[in-house]
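# Fold and geometry: a report
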Amino acid sequence: MGIAGATDPMKTLQIGEPRLDTGYAGENPSEPLNPLTPLLPEEVCWILDRALAAEMEWHSGNMLAHTVLTLTYIYELGVIDADYLSEYISEEDPERPVELIVGILGPYIQGLLKCVDLTWRELRNNELIHDAEDWQSDKCEVPVMEGVPVSFVIERLQNVVNFIGMSPKSVPIDFPPPIIMLTSIPQFPKSGDSHSTQESSYAR
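So, here is what we can say about the structure in this document.

Calculation rules
Residues numbered from 1 in each chain as written. Predicted model: local features only at pLDDT ≥ 70, side-chain atom pairs only at ≥ 80, totals over all residues. Heavy atoms only, no water. Salt bridge = Lys/Arg side-chain N within 4 Å of Asp/Glu carboxyl O. Phe/Tyr/Trp six-rings, centres within 6.5 Å; stacked < 30°, edge-to-face > 60°. Helix = DSSP H or I, 4+ residues; strand = E, 2+ residues; numbered from the N terminus. Buried < 20%, exposed > 50% of the residue type's maximum accessible area, 1.4 Å probe, protein only.

Once that is clear, we can look at the pattern of salt bridges. Within this structure, the stated rule accounts for 4 salt bridges. Across the pair arginine 124 and aspartate 131 runs a salt bridge, and its minimum N-O distance is 3.5 Å. With a shortest N-O distance of 3.0 Å, glutamate 146 and lysine 139 are connected by a salt bridge. Residues participating in the shared-partner salt-bridge network are Lys114, Asp117 and Arg121.

And the structure:
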């Protein structure tokens with residue numbers, strides 16, 4: 001990845017809560033993110049990885065504003081939706097196909113938001129979990145696919161799987177799956193077992 005392209009994925013994250021502060025842009029603020037900027041496959045994978053990490057941070061009790069909602073592609077779903085693809089896409093780059101944005105990243109963001117929506121509903125309806133203590137419910141007035149059926153999102157994600165499967169760079173279908181050895185898992189002793197000493201020695 002070249003030096004110039006290395007900073008492009010960093011534009012997909014924003015720091016700070018817009019309702020509390022405007023941040024510091026510096027003397028030379030960076031240009032706003034163009035959601036249709038072509039990306040390399042490894043750059044898209046980096047964004048997907050960071051988005052998943054942000055979701056896990058929210059599950060651990062942090063605020064959406066500091067985790068999932070820092071992904072700026074969330075606010076550009078209307079632009080990167082393949083069904084409403086704008087006509088101003090420039091000439092195609094074979095190493096950075098726009099399908100990586102509208103065909104993979106867009107549906108992934110939709111799936112991410114729908115996971116947040118479903119989790120939010122479960123936590124909200126759980127009387128044993130208290131808002132602002134065990135989790136943070138504030139969505140900062142950002143829609144998270146509340147009115148979109150789960151079946152629609154699943155269909156989009158299935159299209160992603162099909163698209164990747166048709167790629168000449170994808171793993172062959174007949175690629176052997178990893179083999180997990182389950183025959184030698186030690187059985188740890190239960191408390192009060194007369195053979196605990198012998199089994200403990202075997203487990204070690």
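Moving on to the packing of aromatic side chains. With the rule as written, the count across this model stands at 2 aromatic pairs. Ring centres of tryptophan 58 and tryptophan 135 lie 6.5 Å apart, and the angle between their planes is 65°; on these two criteria the pair is classed as edge-to-face. Separated by 77 residues along the polypeptide, tryptophan 58 in helix α2 (residues 41-59) and tryptophan 135 in the loop between α4 (99-124) and α5 (150-165) bring together distant segments of the chain. Accessibility classification places tryptophan 58 together with tryptophan 135 in one group, the buried group. Ring centres of tryptophan 120 and tryptophan 135 lie 6.1 Å apart, and the angle between their planes is 75°; this geometry places the pair in the edge-to-face category. Taken together, the residues span a long stretch of sequence, with tryptophan 120 in helix α4 and tryptophan 135 in the loop between α4 and α5 at a distance of 15 residues.

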